[in-house]
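So you can see what is in the structure, the chains are spelled out below.
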Amino acid sequence: MASTEDQHLQGSIVPSQRARRPIEPGTTIGHVHLRTSDIDRVRRFYVDVLGFDVVMEARDVPGWGTTGDILFVAAGGYHHHLGFNTWKSAGGGPQPDGVAGLHHVAIRYPTRAGLADALRRLQAVDWPLRQCSDHGTHEAIYISDPDGNDLELCWDRPFDQWPRNADGRVDMSQAFQGDLDLDDLLTEPALG
């Protein structure tokens with residue numbers, strides 16, 4: 001029988017340094033809430049292009065000392081994977097380079113075919129791809145959303161396919177080495 005810790009493992013990485021008091025191993029990031037300048041524009045991208053379901057949308061909602069529009073989107077019946085609001089950002093521009101803040105949000109697809117579907121959706125609307133990488137542990141397509149928020153659309157390989165060194169540990173040195181073969185990705189069957 002597996003230990004409680006083994007039941008909550010999310011990968012096979014051996015950390016380079018363990019926390020003195022580690023967080024529970026099954027902890028995940030449940031959702032991300034982003035500022036947007038325009039709810040309708042961000043809705044068109046996340047719902048019409050990427051295919052997220054709208055969980056909730058409302059206008060003129062009080063929050064953070066002002067009022068604004070909100071949108072919550074999800075996949076598979078989750079309460080929300082992504083939230084958006086205009087409370088402090090309506091009509092504003094994207095966050096400029098050269099300041100601290102969020103680098104990107106990773107949207108993880110459960111299958112390689114799901115990632116291929118995302119690529120097809122982006123190609124259908126001629127959405128620019130910033131970078132396409134094979135990180136060894138996962139494959140990733142990097143894009144920016146309409147507000148300039150960077151996204152990593154990705155699929156994790158099964159743990160037993162992660163690159164390993166001679167000691168059997170996951171070899172993270174390959175993480176930034178390879179380009180993702182988009183032609184090979186597109187050989188995945190189209191989703192229903």
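Computed from a predicted model, the values in this text were never measured in an experiment.

1. What to know about the pattern of salt bridges
Thought 1: Within the structure shown, the criterion is met by 13 salt bridges.
Thought 2: We note a salt bridge from Asp-184 to Arg-112, for which the minimum N-O separation is 2.9 Å. Of this pair, Asp-184 sits in helix α4 (residues 182-185) while Arg-112 sits in helix α3 (residues 112-124), and the two are 72 residues apart along the sequence.
Thought 3: When its relative accessible area of 13% is taken as the criterion, Arg-112 is described as buried.
Thought 4: Between Arg-130 and Asp-150 there is a salt bridge, with its nearest N and O atoms 2.6 Å apart.

2. Observations concerning the nonpolar core
Thought 1: Counting 29 residues, the largest nonpolar core has Tyr-46, Leu-50, Phe-84, Ile-141, Leu-151 and Leu-153 as its most contacted members.
Thought 2: Of all the secondary structure elements, the ones that give two or more residues to this core are α2 (39-49), β3 (66-74), β4 (82-85), β5 (105-109), α3, β7 (138-144) and β8 (150-156).
Thought 3: It is α2 that provides the largest number of residues to this core, a total of six residues.
Thought 4: Not counting residues within four places of it along the chain, the set of residues in contact with Leu-153 comprises Leu-50, Ile-107, Tyr-109, Leu-115, Ala-118, Leu-122, Glu-139, Ala-140, Ile-141 and Ile-143.
Thought 5: Core analysis: the second largest hydrophobic core is formed by five residues, Ala-58, Val-61, Phe-72 and Trp-87 among them.

3. Some remarks on the sheet that holds strand β1 (residues 32-35)
Thought 1: Strand order in this open sheet of four strands is β1-β4-β3-β2, and the pairing throughout is mixed. Two strands lie at the open edges of the sheet, namely β1 and β2 (53-63), each paired on one side alone. Direction aside, neighbouring strands of the sheet carry axes that sit 20° apart on average.
Thought 2: By the bridge criterion, eight bridges tie β2 to β3 in an arrangement that is antiparallel. Bridged to Ala-58 within β3 is Ile-70.
Thought 3: Across the sheet, α2 is in contact with β1, β2, β3 and β4; its angle to β2 comes to roughly 165°.

4. Let's talk about the pairing of β8
Thought 1: Within β8, five of the seven residues are buried, which leaves the element mostly enclosed by the surrounding structure.
Thought 2: The sheet contact formed by β7 and β8 spans seven bridges and is antiparallel. Bridge pairing links Ile-143 to Leu-151 in β8.
Thought 3: The turn linking β7 back onto β8 is made up of five residues, and Gly-148 within it adopts a positive phi angle of 85°.

Here is what the cut-offs are and how they apply
- Residues numbered from 1 in each chain as written.
- Predicted model: local features only at pLDDT ≥ 70, side-chain atom pairs only at ≥ 80, totals over all residues.
- Heavy atoms only, no water.
- Salt bridge = Lys/Arg side-chain N within 4 Å of Asp/Glu carboxyl O.
- Helix = DSSP H or I, 4+ residues; strand = E, 2+ residues; numbered from the N terminus.
- Buried < 20%, exposed > 50% of the residue type's maximum accessible area, 1.4 Å probe, protein only.
- Core = buried A, V, L, I, M, F, W, Y, C linked by side-chain atoms within 4.5 Å.
- Contact = heavy atoms within 4.5 Å.
- Pairing = 2+ DSSP bridges.
- Axes fitted to C-alpha atoms, helices over the stretch in contact; angles between N-to-C directions.

What is shown is where atoms sit, not what they do.
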